[in-house]
Amino acid sequence: MSKLTELYDEIAQCHDCSLAKTRLKVVPGEGREDADILFIGEAPGWHENQQGRPFVGPAGQFLDELLASIGLQRTDVYIANVIKCRPPNNRDPLPPEIEACASFLDRQLEMIVPRVIVTLGRFSMAKFFPGESISRIHGTARKRGGTLLFPMYHPAAALHQPSLRKILETDMLKIPPLLAKVADVPAAQETEEIKQLSLF
Ligand code: URA
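These numbers were taken from a predicted model, which means no experiment stands behind them. (Residues numbered from 1 in each chain as written. Predicted model: local features only at pLDDT ≥ 70, side-chain atom pairs only at ≥ 80, totals over all residues. Heavy atoms only, no water.)

## Quick word on the overall build of the protein chain
Step number 1: Looking only at helices and strands, one finds ten helices and seven strands in the protein chain.
Step number 2: Here the protein chain has a C-alpha radius of gyration of 16 Å; the compact-globule value for 200 residues is 16 Å, and the two agree.
Step number 3: Dimensions of the protein chain along its principal axes, counting C-alpha atoms only, are 45 × 40 × 30 Å.
Step number 4: For the protein chain, with 200 residues in total, the buried portion stands at 45%.
Step number 5: Within the protein chain, counting contacts between residues at least 6 apart in sequence, those at least 24 apart form 72% of the total.
Step number 6: Accessible area for the protein chain stands at about 10000 Å²; split by element, carbon and sulfur atoms hold 52% of it.
Step number 7: Looking at charge distribution, the protein chain has the averaged site of its 23 positive side-chain charges lying 3 Å from that of its 25 negative ones. (Helix = DSSP H or I, 4+ residues; strand = E, 2+ residues; numbered from the N terminus. Rg over C-alpha atoms; globule rule 2.2 N^0.38 Å. Buried < 20%, exposed > 50% of the residue type's maximum accessible area, 1.4 Å probe, protein only. Contact = heavy atoms within 4.5 Å. Areas by Shrake-Rupley, 256 points an atom, 1.4 Å probe, with all protein chains shown as cover. Lys, Arg positive; Asp, Glu negative; His and termini not counted. Charge placed at Lys NZ, Arg CZ, Asp CG, Glu CD.)

Structure below.
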């Protein structure tokens, strides 16, 4: 059993916040265990809660289209969420829920060691850039240690606000050159400092 699979078992047993009482299934995440690109969404929605898999509803369909636009399928990447259980009525995750779930995501990042972390939406952006505005930093890469952080809008946002669709499509196309660029960078020492890359 891989370390990630062991972690999934742990997540399935978790009762560290009240979402454990209302969830149908936990949604730990899925994809390549050695993925170069890791996407982080917000929280499972109705469909994900039924199936125990991330991004399998309408937002997931759009994410699949975005991945296809750069020649990838979801099995080529890893897809996780900030929290692993569905908030009732799809409300925003609460700070104690994010806090209770944080170590699961941290451990996924440690095990997978992606080269590029793509945050989808403001909750996953806030994990790395607290206080930042997504409208200001989406589509720009910053380096942290040997990893690039790349914030994007959440695909669900484009379903409600069609003008965001083009922005998401344009930002997605920046990922392949980003990956090529980070592959050239020698594994830099981990530093707390987050430096803005002058890639775009
Ligand atoms: N939205 C998310 O943020 N995550 C999912 O898994 C599905 C929809």
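## Here we look at the site of the ligand
Step number 1: Taken together, Gly41, Glu42, Ala43, Glu48, Pro54, Phe55, Asn81 and His154 form the complete shell of residues around the ligand.
Step number 2: One of the backbone N or O atoms of Glu42 is found 2.7 Å from an oxygen atom in the ligand.
Step number 3: Between Phe55 and the ligand, the recorded distance is 2.9 Å, taken from a backbone N or O atom to an oxygen atom.
Step number 4: Taken by itself the ligand offers 230 Å² of open surface, and the protein chains cover 92% of this.
Step number 5: Grouping the amino acids of the shell around the ligand by side-chain chemistry returns three nonpolar, three polar and two charged. (Near = heavy atom within 4 Å. Polar contact = N/O pair within 3.5 Å; in protein donor to acceptor, adjacent residues only side chain to side chain. Nonpolar A, V, L, I, M, F, W, Y, C, P; charged D, E, K, R; others polar.)

## Looking at the environment of Pro44
Step number 1: Residue placement: Pro44 occurs in the loop between strand E2 (37–41) and helix H3 (46–51).
Step number 2: You can call Pro44 buried: its relative accessible area is 2%.
Step number 3: Taking C-alpha positions, Pro44 is 9.4 Å from Pro28, a pair spaced 16 residues apart along the chain.
Step number 4: Contact partners of Pro44, with chain neighbours within four places excluded, come to Val27, Asn49, Asn81, Ile83, Lys84, Cys85, Arg86, Pro87 and Asn90.

## Some remarks on the confidence of the model for the protein chain
Step number 1: On average, the protein chain scores 93 in pLDDT, and the residues at 70 or more come to 92%.
Step number 2: In the model, residues 188–200 has pLDDT below 50 throughout and makes 31 contacts with residues more than four positions away in sequence or in other chains. (pLDDT = per-residue confidence, 0-100.)

## Considering the packing of aromatic side chains
Step number 1: On inspection of all chains with the given rule, the structure shows zero aromatic pairs.
Step number 2: A cation over an aromatic ring shows up here: Arg142 above the ring of Phe129, its NZ or CZ 5.2 Å from the ring centre.
Step number 3: Above the plane of the ring of Phe62 lies Arg165, whose end atom (NZ or CZ) is 4.2 Å from the centre. (Phe/Tyr/Trp six-rings, centres within 6.5 Å; stacked < 30°, edge-to-face > 60°. Lys NZ or Arg CZ within 6 Å of the ring centre and 35° of its normal.)

## Side note on the nonpolar core
Note on soluble globular proteins: their nonpolar side chains tend to be buried together.
Step number 1: If you look at the biggest cluster of nonpolar residues, it comprises 52 residues, and the most contacted ones within it are Phe39, Ile40, Val118, Phe150, Met152, Met172 and Ile175.
Step number 2: Aside from chain neighbours lying at most four places away, what touches Ile175 is Ile37, Phe39, Ile70, Val118, Phe150 and Met152. (Core = buried A, V, L, I, M, F, W, Y, C linked by side-chain atoms within 4.5 Å.)

## Quick look at the packing of helix H4 (residues 58–69) against helix H9 (residues 163–172)
Angle between the axes and distance between the axes: these two values describe a pair of packed helices.
Step number 1: The contact between H4 and H9 brings their axes to 9 Å, and the two run at 40°. Put simply, H4 runs oblique to H9. Along this stretch, H4 crosses H9, giving a crossing that reads as right-handed. From H4, Phe62, Glu65, Leu66, Leu67 and Ser69 reach across to H9, where they touch Arg165, Leu168, Glu169 and Met172.
Step number 2: Split into classes, the residues belonging to the contact of H4 with H9 amount to five nonpolar, one polar and three charged. (Axes fitted to C-alpha atoms, helices over the stretch in contact; angles between N-to-C directions. Parallel < 35°, antiparallel > 145°, perpendicular 65-115°, else oblique. Left-handed = near helix turned anticlockwise from the far one by under 90°.)

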